[in-house]
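# Residue-level structural notes
Residue strings, one per chain:
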Amino acid sequence: MNDTAVVIKKHPVVIIKNLVALEFLVTIVYFVAAILANYGELYHRFTFSQVISYEIAKFALIILSETILISFIFFRWFLATDTIYQKKVVREWGVISKQRKEIVLDPPLSFSTEASPLGRIFKYGTIVLRDRNRKTVYFSYVPSPKTLLKLMREHAAPEAESNFLNETRDIEELLKNREQETLEFKSTFRWDL
């Protein structure tokens, strides 16, 4: 990644995942608090309860808390970036306070991708980056990981690209061969069919 850097943003599916998880947690907290205290009684102790009904106040509070919750999740996703340079990875995140972490790498770098069945459907996955010393950095929920992997290879240092291409060619050659004493393909993990 000579002079240039590759910036990675997570796939928007992260927003949905975090929203569902946080909504579940908030709902549990709300119901546990409702068991421990009667919101209606507490509300009627305030002077403005004479002006605004409990249902309207409850509705307004739910809208306000949902707006804050959704905004927080969106900005948490929006402000998080991973930047890959030739010799380091810089991770930045944080809504209230900006956090930054640098991971120093020792080139040449090699890249690979992984994707779950759901990731293949929604076109996101994980990019795995390894350096010469096998230090591994994972970039999860990457949109179009194969396209980004191609871009990373184009910007990689020539030695990293040739190293990766040699590894890929070796694997492709092995896959073209037939099974033999030093090469065996398994259709199942446990049983030999």
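Rules behind the numbers
- Residues numbered from 1 in each chain as written.
- Predicted model: local features only at pLDDT ≥ 70, side-chain atom pairs only at ≥ 80, totals over all residues.
- Heavy atoms only, no water.
- Helix = DSSP H or I, 4+ residues; strand = E, 2+ residues; numbered from the N terminus.
- Buried < 20%, exposed > 50% of the residue type's maximum accessible area, 1.4 Å probe, protein only.
- Contact = heavy atoms within 4.5 Å.
- Areas by Shrake-Rupley, 256 points an atom, 1.4 Å probe, with all protein chains shown as cover.
- Salt bridge = Lys/Arg side-chain N within 4 Å of Asp/Glu carboxyl O.
- Pairing = 2+ DSSP bridges.
- Phe/Tyr/Trp six-rings, centres within 6.5 Å; stacked < 30°, edge-to-face > 60°.
- Lys NZ or Arg CZ within 6 Å of the ring centre and 35° of its normal.
- Expected span 1.5 Å × (residues − 1).
- Core = buried A, V, L, I, M, F, W, Y, C linked by side-chain atoms within 4.5 Å.

## With respect to the overall build of the protein chain
Of the regular secondary structure elements, the protein chain holds six helices and seven strands. Written out in order from the N terminus, the α and β elements of the protein chain read β-α-α-α-β-β-β-β-α-β-β-α-α. Burial analysis of the protein chain (193 residues in total) assigns 26% to the buried set. Expressed as a percentage of contacts within the protein chain between residues at least 6 apart in sequence, the contacts between residues at least 24 apart total 47%. Element-wise, carbon and sulfur atoms account for 62% of the exposed surface of the protein chain, whose accessible area totals about 14,000 Å².

## A short note on the pattern of salt bridges
A full pass over the atoms with the stated rule returns five salt bridges. Here Arg 100 ties to Glu 92 by a salt bridge, and the two come within 3.0 Å at their closest N and O atoms. Overall, the relative accessible area of 23% leaves Glu 92 in the partly exposed class.

## What to know about the pairing of strand β7 (residues 136–143)
Relative to β7, strand β6 (residues 124–130) runs antiparallel, the two sharing six bridges. The residue of β7 that forms the bridge with Tyr 124 is Pro 143. Hairpin connection between β6 and β7: a loop of five residues separates the two successive antiparallel strands, and Arg 134 in this loop has a positive phi of roughly 65°.

## A look at the packing of aromatic side chains
Pairs of aromatic rings are described using the distance from one ring centre to the other and the angle between the two planes. Evaluation of the coordinates by the stated rule reveals six aromatic pairs. Taking the centre distance of 5.3 Å and the plane angle of 75° together, the rings of Phe 74 and Phe 75 count as edge-to-face. Residue Phe 75 is classed as partly exposed on the basis of its relative accessible area, which comes to 38%. Each ring, one from Phe 74 and one from Trp 77, has its centre 5.7 Å from the other, and the planes form 45°; the classification is tilted. With a gap of three residues between them, Phe 74 and Trp 77 both fall in helix α3 (residues 54–79), about one helical turn apart. The partly exposed category is assigned to Phe 74, whose relative accessible area is 35%. The cationic tip of Lys 9 hangs over the ring face of Phe 78; the distance from NZ or CZ to the ring centre is 5.2 Å. One residue, Lys 88, lies across the ring of Tyr 85, its end atom 5.3 Å from the ring centre.

## Section: unusual backbone geometry
Of the consecutive residues Pro 107 and Pro 108, the connecting peptide bond is found in the cis state with omega at 10°. Mapped onto the elements, Pro 108 comes out in the loop between β4 (99–104) and β5 (110–114). Positioned with a positive phi, Arg 134 is a non-glycine residue whose angle comes to about 65°. Among the residues examined, Arg 134 registers a relative accessible area of 57% and is labelled exposed. We note that Tyr 141 has phi near 55°; this positive angle belongs to a residue other than glycine.

## Comments concerning helix α1 (residues 13–36)
The terminal C-alpha atoms of α1, which comprises 24 residues, lie 35 Å apart, in line with the 34 Å expected from a rise of 1.5 Å per residue. Taken together, the buried positions of α1 are Val 13, Val 14, Ile 15 and Asn 18. Contact partners of the buried residues in α1: α3, β6 and β7.

## Observations concerning the nonpolar core
Counting residues in each nonpolar core, the largest one holds 16 residues, and the members touching the most others are Leu 129, Phe 139 and Met 152. Sorting the residues of this core by element identifies β1 (6–8), β6, β7 and α5 (145–155) as the ones contributing at least two each. Residue contacts for Leu 129: discarding those within four places in its chain leaves Ile 84, Leu 105, Leu 109, Ser 110, Phe 111, Lys 135, Thr 136, Val 137, Phe 139 and Met 152.

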